Amino acid sequence: VRAGEVLGSMEINGTGKRRNVYGMFSSQRLDLGPFFAAKDTSPRKKRVRVFSEEPFKVDFPENVDADLSIRAKKVVTPYGSMQDVQVDASLREWRLRLNTVKAAIGGCFLNGHLACSRKGKYFIIAGALKVQEIDLKRILKDLGAGGYIEGSLDWQVEFNTSGDSVAAMMAKLNGKSVVSMSSGRIKNRCLWLLGSDVGLPVAALLGSSESEEDYTEIQCA
């Protein structure tokens, strides 16, 4: 099968009670822009809730078992691009699993997995995500707050939730998040801005000087 810049193959076996689908696809450059809704430029109405209470209208196909493998050198979306994308997914009896999700985004590396199943009208989701070598200086510069904190972060997240809408899932969201820094530095002025109750103990712990222009080296955090 060849469609634009996507190469791949698909096999469908329907001889048994359940259809078996196997697919492998690869691309040097995969543009997902056409699959996203056009950006809304109309005046924004005041929202009652941040997360939508609209019930999900997604369903898993019945009597289908599937395995899908995707490899893309570059994936482009309206929100940014990803490199070296790897996705391995499987569908078994109303249970969708993303067994492998890997990508490089903005100099950092993402690795995760996710499982989604349905029970009645509710969806149950659980997963984990690890992001390594997040460049704080680069991120803060993009946010217009560069020059205060520098270093490389690792971020790990585990989560689980259930519900029939985004709002319901956010209300039941549970899990844990761990952020660690092996080395970096923070501008002393940031510590003083935290106030004496927080800034001074942290500065003392890190061995900071009182000069507002000096940086404090962070060995680990």
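Just above sits the structure.
J.: What should I look at first to understand the overall build of the chain in this one?
T.: For the chain, the helix and strand inventory stands at 4 helices and 12 strands. Relative to its full complement of 221 residues, the chain shows a buried share of 24%. The long-range fraction of contacts in the chain, counting pairs at least 24 apart against all pairs at least 6 apart in sequence, stands at 49%. Put simply, the chain shows about 15,600 Å² of open surface, and 56% of that area lies on carbon and sulfur atoms.

J.: Would you explain the packing of aromatic side chains in this entry?
T.: Aromatic rings in a pair are described by how distant their centres are and how their planes are angled relative to each other. Inspection of every chain in the model, using the stated rule, returns 1 aromatic pair. Residues Phe 56 and Phe 123 carry aromatic rings whose centres are separated by 5.7 Å and whose planes lie at 90 degrees to one another, so their mutual orientation is edge-to-face. Taken as a pair, Phe 56 in the loop between strand S4 (30-31) and strand S5 (64-77) and Phe 123 in strand S9 (residues 122-135) lie far apart in primary sequence, 67 residues in all. In this structure Phe 56 comes out as partly exposed when scored by relative accessible area, which is 31%. The exposure class of Phe 123 is buried, given its relative accessible area of 5%.

J.: Before we go on, may I ask you to explain the pairing of strand S7 (residues 95-105) in this structure?
T.: Remember that side chains alternate between the two faces of the sheet whenever the strand is regular. Of the pairings in the sheet, the one linking strand S6 (residues 80-92) to S7 comprises 8 bridges and is antiparallel in character. Within S7, the residue paired with Gln 86 across the bridge is Lys 102. The sheet contact formed by S7 and strand S8 (residues 108-119) spans 9 bridges and is antiparallel. The residue bridging Arg 97 from the neighbouring strand is Ala 115, located in S8. Between S7 and the antiparallel strand that follows it, S8, lie 2 residues; Gly 106 among them carries a positive phi value of about 55 degrees.

J.: I keep staring at the nonpolar core and nothing clicks. Help me out?
T.: One broad rule of soluble globular proteins: the nonpolar side chains tend to lie buried together. By size, the foremost hydrophobic cluster in this structure holds 10 residues: Cys 108, Val 131, Ile 134, Leu 136, Leu 140, Leu 153, Met 181, Ile 186, Cys 190 and Ile 218. Secondary structure elements with two or more residues in this core: S9, helix H1 (136-142) and strand S11 (174-187). In terms of nonpolar packing, the next biggest core, distinct from the first, is built from 9 residues, Val 21, Leu 91, Cys 116 and Met 169 among them.

J.: Please clarify how the environment of Leu 153 should be interpreted in this entry.
T.: With respect to the helices and strands, Leu 153 occurs in strand S10 (residues 149-163). Taking the C-alpha atoms as reference points, Leu 153 and Ile 134, 19 residues apart in sequence, are found 4.9 Å from one another. With residues near it in sequence (within four places) discarded, Leu 153 still touches Val 131, Gln 132, Glu 133, Ile 134, Leu 136, Val 179, Ser 180 and Met 181.

About the cut-offs
Residues numbered from 1 in each chain as written. Predicted model: local features only at pLDDT ≥ 70, side-chain atom pairs only at ≥ 80, totals over all residues. Heavy atoms only, no water. Helix = DSSP H or I, 4+ residues; strand = E, 2+ residues; numbered from the N terminus. Buried < 20%, exposed > 50% of the residue type's maximum accessible area, 1.4 Å probe, protein only. Contact = heavy atoms within 4.5 Å. Areas by Shrake-Rupley, 256 points an atom, 1.4 Å probe, with all protein chains shown as cover. Phe/Tyr/Trp six-rings, centres within 6.5 Å; stacked < 30°, edge-to-face > 60°. Pairing = 2+ DSSP bridges. Core = buried A, V, L, I, M, F, W, Y, C linked by side-chain atoms within 4.5 Å.

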